[in-house]
2 protein chains.
Amino acid sequence: MKPSTSIQDYLKRIYELTENGSPASTNDLARELNIKPASVTGMIQKLASEKPALLEYQKHQGVTLTSAGKKAALEVIRHHRLLETWLVQTLGYSWDEVHEEAERLEHVISEDFERRIAAALGHPLRDPHGELIPTADLKMPLDDSTPLSALRKNQSGKILSIKGADADLLRHLDGLGLTPNTMIEVTDYSPFDHNLSIKVNKKNIVLGLSITSKIFIEES
Amino acid sequence: MKPSTSIQDYLKRIYELTENGSPASTNDLARELNIKPASVTGMIQKLASEKPALLEYQKHQGVTLTSAGKKAALEVIRHHRLLETWLVQTLGYSWDEVHEEAERLEHVISEDFERRIAAALGHPLRDPHGELIPTADLKMPLDDSTPLSALRKNQSGKILSIKGADADLLRHLDGLGLTPNTMIEVTDYSPFDHNLSIKVNKKNIVLGLSITSKIFIEES
DNA sequence: TATAAAATTTAGTCTTGCCTAAATTATTTT
DNA sequence: AAAATAATTTAGGCAAGACTAAATTTTATA
């Protein structure tokens, strides 16, 4: 049986919160899901004790996904990212408008629908935010991107994604032309403060480590 | 507040069942919704007694929509029919594959999404089945179609829709090339048995009243 | 290391929306 | 018009998934 919309949301968030290797805490999950911690405890206890368990849980120790749970999560994430890509490409949504729409659609599209948009888009590797799209067989592709902070003078590449930036920073970066798919070139590197001088759209700007570590690049 | 998915389904079905002017019965609604009659009674009692009532109901007398209820129903129907049109045109669904998908999507798309696909499709008047699409201001357009059974020798037109046919008949008609958008021409009329001879795709076929009354035409 | 603070869990409740079984009301049949 | 049948409603229940308040456990602080 396909998990309910609620459960799909739990799995998706748990996947994200456990990408760093450590289990997800009740509180963090509650915050991500906009749900009270007590409700989260109830749900994960139920999920952990089902026939083929989707997650593993020990009191006060947080929760991790089983491989079945991971698959179910990747299915939802694949739907989400394909939908975002598709909404942007076929309906002219901008990259910051699509999230909410995809958040609702991801739970109701059929596998057939998923196949159709994947094919129509040419089986894309990343969504408009630069996030990797899980493959059709539900594996997360390896991330071959490099943080901008790792580049040095004369290296260049294409921006793939920006991670861990809040809305404010995102707007700021957007203003500088630093969005996914933009080409950049490092013109100078200051070993002292780790500032990078880069050229974007013919303009030169200098960025500090707090920013360059959040921008991910495909080297060229 | 936007009605829940369940309530949207109730409203949609009630709209359809009351198009003939008479109220919808508990039993008919239950059948359409694949729900037990007792459950229907419960739900319509609740809906009839809410702040701005979406429907009117008297025990044992069936149910009708208020104008607010009608609007909400038309909103869902508009979503459904726009979605079907759009899935067929942009993702290569065939007209008989889209229903289920639209049935789920109709409840979760935003007004923005609705506007975008309506615009992308050029604000179509009918869906792939030939059904009229409610307008953006939630009115059902007048139906200017004529049953094929009303045509006589030398009249011609385009098939708009086929109504009240079961899957079997639909397949049969499909085999004869009788699908929405096909041009037809009446070559003869038999007043005795009401049979019509018509030309479709260069071929001549004869149809009885039981069929011609289900095919709707735009005269030309 | 005792205590305060934070995180988590338990217990009990609520709403939505469905179900079954039994009771009631309408409609047909005879 | 009474009896049989069909439709509808009432009553009581259940599962999902959320909430609050209170209890407990863990972690951090003094």
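Our structure's up above, just so we're on the same page.
(A) Quick look at the pattern of salt bridges. Per the counting criterion, the structure on display carries 36 salt bridges over all chains. Of the charged contacts, one joins Arg81 of chain A and Asp127 of chain A as a salt bridge, the two residues approaching to 3.9 Å between their closest N and O atoms. On the criterion of sequence distance, the pair formed by Arg81 of chain A in helix H4 (residues 67–91) and Asp127 of chain A in the loop between helix H6 (111–120) and strand S3 (146–147) is long-range, its members being 46 residues apart. A salt bridge links Lys139 of chain B to Asp137 of chain B, with the nearest nitrogen and oxygen atoms 3.5 Å apart. Several salt bridges share partner residues, and in doing so they unite Asp9, Lys12, Arg13, Glu16, Glu103 and Glu106 of chain A into one network.

(B) Inspection of the protein's contact with DNA strand C at higher detail. For DNA strand C, the set of nearby residues contains 20 residues, the closest of which are Asn27, Gln45, Tyr57 and Lys59 of chain A together with Ser4 of chain B. Counting only the atoms of DNA strand C within 4 Å of the protein, the fraction contributed by sugar and phosphate is 85%. With respect to DNA strand C, the backbone of Lys36 of chain B contributes an N or O atom lying 2.9 Å from a phosphate oxygen. Between DNA strand C and the protein, one listed contact pairs a phosphate oxygen with a side-chain N or O atom of Lys46 of chain B at 3.1 Å. Listed by contribution, the elements that provide at least two residues to the surface near DNA strand C are helix H2 (26–33) and helix H3 (37–48) of chain A together with helix H1 (5–17) and helix H3 (37–48) of chain B.

(C) Quick look at empty space enclosed by the protein. Inspection of the entire model under this criterion finds 1 cavity of 30 Å³ or more. In this structure, the largest cavity encloses a volume near 30 Å³. Its residues placed into classes, the lining of the largest cavity shows 8 nonpolar, no polar and no charged.

(D) Looking closely at the nonpolar core. Core analysis: the largest hydrophobic core is formed by 32 residues, its most contacted members being Trp86 and Phe113 of chain A together with Trp86 and Phe113 of chain B. Mapped by element, the contributors of at least two residues to this core are H4, helix H5 (98–105) and H6 of chain A together with helix H4 (67–91), helix H5 (98–105) and helix H6 (111–120) of chain B. The residues contacting Trp86 of chain A, other than those within four sequence positions of it, are Leu91, Phe113, Ile117 and Leu121 of chain A together with Trp86, Thr90 and Leu91 of chain B. Membership of the second largest hydrophobic core comes to 23 residues, among which are Ile14, Ala30, Leu74 and Ile77 of chain B.

(E) Here's a closer look at the sheet that holds strand S5 (residues 183–189) of chain B. All names here are of chain B. Within the open sheet, the 6 strands sit side by side as S3-S8-S4-S5-S6-S7. Their pairing is antiparallel. Among the strands making up the open sheet, the edge pair consists of strand S3 (146–147) and strand S7 (203–207). Pairing analysis gives 5 bridges linking S5 to strand S6 (residues 196–200), with the strands arranged antiparallel. Note on S6: the bridge partner recorded for Val186 is Ile198.

(F) Focus on the interface of chain A and chain B. Taken together, the contacts link 18 residues of chain A with 18 residues of chain B. Where chain A packs against chain B, one counts 2 salt bridges. Here Arg116 of chain B ties to Glu97 of chain A by a salt bridge, and the two come within 3.2 Å at their closest N and O atoms. Linking chain A with chain B are 10 residue pairs in polar contact (both at pLDDT 80 or more). Counting residues per element, the ones that place at least two in the side of chain A that touches chain B are H4, H5 and H6 of chain A. With 5 residues, H6 of chain A is the largest single contributor of residues to the side of chain A that touches chain B. Classifying every residue of the side of chain A that touches chain B gives 10 nonpolar, 3 polar and 5 charged.

(G) The arrangement of the protein's contact with DNA strand D in detail. Close to DNA strand D lie 20 residues, the nearest being Ser4 of chain A together with Asn27, Gln45, Tyr57 and Lys59 of chain B. Those atoms of DNA strand D that come within 4 Å of the protein belong to sugar or phosphate at a rate of 85%. Ser39 of chain A has a polar side-chain atom sitting 2.8 Å from a phosphate oxygen of DNA strand D. With respect to DNA strand D, the side chain of Lys59 of chain B contributes an N or O atom lying 2.6 Å from a phosphate oxygen. Elements with a minimum of two residues in the surface near DNA strand D: helix H1 (5–17) and H3 of chain A together with helix H2 (26–33) and H3 of chain B. Considering only residue class, the surface near DNA strand D consists of 7 nonpolar, 10 polar and 3 charged.

(H) Structural detail: H1 of chain A. All names here are of chain A. Compared with an ideal rise of 1.5 Å per residue, which puts 13 residues at 18 Å, H1 spans 18 Å between its outermost C-alpha atoms and is within 8% of the ideal. Residues of H1 that are buried: Ile7, Gln8, Tyr10, Leu11, Lys12, Arg13, Ile14 and Tyr15. Looking at the buried residues of H1, the elements they touch are H2, H3, strand S1 (55–58), strand S2 (62–65), H4 and H5.

(I) View of the sheet that holds strand S8 (residues 215–219) of chain A. Read from one edge to the other, the open sheet built from 6 strands follows the order S3-S8-S4-S5-S6-S7 (chain A), with strand pairing classed as antiparallel. Lying at the two open borders of the sheet, with one neighbouring strand each, are S3 and strand S7 (203–207) of chain A.

(J) Region of the structure containing the pairing of strand S4 (residues 156–162) of chain A. Residue and element names in this part refer to chain A. Looking at chain direction, S4 and strand S5 (residues 183–190) are connected through 3 bridges and run antiparallel. In the sheet register, Gly157 faces S5, and the bridge partner there is Ile184. Judged from the 5 bridges that link them, S4 and S8 form a sheet pairing that is antiparallel. If you follow Ile162 over to S8, its bridge partner there is Ile215.

(K) Region of interest: the packing of aromatic side chains. Counting across every chain of the model gives 3 aromatic pairs over all chains. Residues Trp86 of chain A and Phe113 of chain A carry aromatic rings whose centres are separated by 5.5 Å and whose planes lie at 85 degrees to one another, so their mutual orientation is edge-to-face. Pair noted here: Trp86 of chain A is in helix H4 and Phe113 of chain A is in helix H6, with a separation of 27 residues, a long-range link. Relative to Trp86 of chain B, the ring of Trp86 of chain A lies with its centre 4.6 Å away and its plane at 45 degrees, an arrangement referred to as tilted. One end of the pair, Trp86 of chain A, is in helix H4; the other, Trp86 of chain B, is in helix H4, on a second chain. An aromatic cluster of at least three residues, connected via ring pairs, comprises Trp86 and Phe113 of chain A together with Trp86 and Phe113 of chain B.

Calculation notes
Residues numbered from 1 in each chain as written. Chains lettered and ligands numbered in written order. Predicted model: local features only at pLDDT ≥ 70, side-chain atom pairs only at ≥ 80, totals over all residues. Heavy atoms only, no water. Salt bridge = Lys/Arg side-chain N within 4 Å of Asp/Glu carboxyl O. Helix = DSSP H or I, 4+ residues; strand = E, 2+ residues; numbered from the N terminus. Near = heavy atom within 4 Å. Polar contact = N/O pair within 3.5 Å; in protein donor to acceptor, adjacent residues only side chain to side chain. 1 Å grid on protein atoms, 1.4 Å probe; cavity = no way out; pocket = protein on both sides within 12 Å on 5 of 7 lines; lining within 4 Å. Points joined across faces, edges and corners; volume = space filled by probe spheres on them. Nonpolar A, V, L, I, M, F, W, Y, C, P; charged D, E, K, R; others polar. Core = buried A, V, L, I, M, F, W, Y, C linked by side-chain atoms within 4.5 Å. Buried < 20%, exposed > 50% of the residue type's maximum accessible area, 1.4 Å probe, protein only. Contact = heavy atoms within 4.5 Å. Pairing = 2+ DSSP bridges. Expected span 1.5 Å × (residues − 1). Phe/Tyr/Trp six-rings, centres within 6.5 Å; stacked < 30°, edge-to-face > 60°.

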